[in-house]
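Chains, contacts and geometry: an overview
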Amino acid sequence: RVRQAFNYAFDYDAFVNGGLSGFGAKGTYLPPGILGYDEDAPKYSQDLERAEQLFRETGWWDRGFTVSTLVESNNPTFTPVGLILKDTLEAMNPKFRVNVVEVAEAQFDREHAKTPFEYPMWIKNADPFFDPHFYMWTYFHPDGEWGKRLGYRNGYENPDQIADMIDRAAVETDVAKREQIYQDLLPLIKEDPMWIWAADERNVQVYRCWVENFVYNPLWRMPRWRFYDKG
């Protein structure tokens, strides 16, 4: 309920329209173009009344809290996410305090390597994996990379169910059945969230009108061009 409260408190529209300058949309834990992605999967929207209700039910509304969000300095995405969350929560309740800790990239990466992770909250972008299993294993599996580091087994209501579904999808050879497993997972992950999924970024590419058959890779924000001198 506490994790749901944070998800309901976040202002997704402010991040999309401000932090991403309109080039984004609410995310569903798998990026567009990946097997299992479902644009109709349930998503969080800001609902401050529901957030307050959940904070009250869990006792944190009267108790208050202080958390720190670790962000990488000079990053145009991470800092706005942290500040939007800070502004929203602190406006809800003066007993809520969010410290947005901006650090150099080297320190940002070093802190992420620690187990257990020392910060109650953190911000990063999803890695550009090519298969849904790597997203699910890395970010949602209770025994995955971040599951172990952040103690998902102590947080999920039913960690074995989520682990079993992710494991089954990884070895399912029927594409339709595999896709269905992921689509069944998305509502479970939404109801038992381990992340605030701020948005899926959109990319804008500008190219000359004579360029034909250009297909942008949806898994990476920027193309990598290489120029060779054959002379």
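Everything in this summary refers to the structure shown in the same document.

Thresholds, definitions, all that
Residues numbered from 1 in each chain as written. Predicted model: local features only at pLDDT ≥ 70, side-chain atom pairs only at ≥ 80, totals over all residues. Heavy atoms only, no water. Helix = DSSP H or I, 4+ residues; strand = E, 2+ residues; numbered from the N terminus. Buried < 20%, exposed > 50% of the residue type's maximum accessible area, 1.4 Å probe, protein only. Contact = heavy atoms within 4.5 Å. Areas by Shrake-Rupley, 256 points an atom, 1.4 Å probe, with all protein chains shown as cover. Lys, Arg positive; Asp, Glu negative; His and termini not counted. Charge placed at Lys NZ, Arg CZ, Asp CG, Glu CD. Expected span 1.5 Å × (residues − 1). Salt bridge = Lys/Arg side-chain N within 4 Å of Asp/Glu carboxyl O. Pairing = 2+ DSSP bridges. Right-handed = clockwise from strand over helix to strand, strands pointing away. 1 Å grid on protein atoms, 1.4 Å probe; cavity = no way out; pocket = protein on both sides within 12 Å on 5 of 7 lines; lining within 4 Å. Points joined across faces, edges and corners; volume = space filled by probe spheres on them. Nonpolar A, V, L, I, M, F, W, Y, C, P; charged D, E, K, R; others polar. Patch = residues over 30% accessible without salt bridge, like charges linked within 9 Å, V, L, I, M, F, W, Y side chains within 5 Å.

**Observations regarding the overall build of the protein**
In terms of regular secondary structure, the protein is built from 10 helices and 5 strands. By principal-axis analysis of the C-alpha atoms, the protein measures approximately 70 × 40 × 35 Å. Across the 231 residues in the protein, those meeting the buried criterion constitute 41%. Summarising the internal contacts of the protein: among those between residues at least 6 apart in sequence, 70% fall at separations of at least 24. Total accessible area on the protein stands at roughly 13,300 Å², and carbon and sulfur atoms take up 49% of it. For the protein, the separation between the mean place of its 26 positive charges and that of its 36 negative charges on side chains is 3 Å.

**Some details on helix α5 (residues 78-92)**
The terminal C-alpha atoms of α5 lie 22 Å apart, and with 15 residues this matches the ideal 21 Å at 1.5 Å per residue to within 8%. All buried positions along α5 are accounted for by F78, T79, V81, G82, I84, L85, K86, T88, L89 and M92.

**Let's talk about the pattern of salt bridges**
With the rule as written, the count across this model stands at 12 salt bridges. In this structure, the salt-bridge partner of R1 is E57, at a minimum N-O distance of 3.4 Å. Remark: E57 occurs in helix α3 (residues 48-57) and R1 occurs in the segment before α1 (2-9); sequence separation between them is 56 residues. On the basis of relative accessible area, R1 is assigned to the exposed category, the value being 52%. Classification of E57 by relative accessible area gives partly exposed; the value is 40%. We note a salt bridge from D131 to R178, for which the minimum N-O separation is 2.7 Å. Of this pair, D131 sits in the loop between β4 (121-122) and α7 (132-139) while R178 sits in helix α10 (residues 175-191), placing them 47 residues apart in sequence. If you follow the salt bridges from partner to partner, you end up with K86, E90 and R97 in one network.

**Some remarks on the pairing of strand β2 (residues 65-72)**
The buried fraction of β2 amounts to 7 of the 8 residues, a majority that puts the element mostly inside the structure. The sheet contact formed by β2 and strand β3 (residues 96-103) spans 8 bridges and is parallel. Of the residues in β3, the one forming a bridge with F65 is F96. For the crossover that starts at β2, traverses α5 and ends in the parallel β3, the hand is right-handed.

**Points about the sheet that holds β4**
In spatial order, the strands read β3-β2-β4; together these 3 strands make up an open sheet with parallel pairing. Every other strand in the sheet has two partners, leaving β3 and β4 as the edge strands with one partner each.

**A short note on empty space enclosed by the protein**
Using the criterion set out here, one finds 1 cavity of 30 Å³ or more in the structure. For the largest cavity, the calculated volume is near 70 Å³. In this structure, the largest cavity is lined by N7, Y12, K26, G27, Y29, K43, Y44, W197 and A198. Split by residue class, the lining of the largest cavity holds 5 nonpolar, 2 polar and 2 charged.

**Structural notes on the environment of I162**
Within the secondary structure, I162 is located in helix α9 (residues 159-171). With a relative accessible area of 3%, I162 lands in the buried category. In sequence terms I162 and G33 are 129 residues apart; their C-alpha atoms lie 23 Å from each other. The contacts of I162, once residues within four sequence positions are left out, are F140, P142, Y156 and L185.

**Observations regarding a nonpolar patch on the surface**
Taken together, the side chains of F23, V204 and V206 present a nonpolar region at the surface, about 320 Å² in accessible area. The residue V206 is located in the segment after β5 (200-201) in this model. Under the relative-accessibility criterion, V206 is labelled exposed at 78%.

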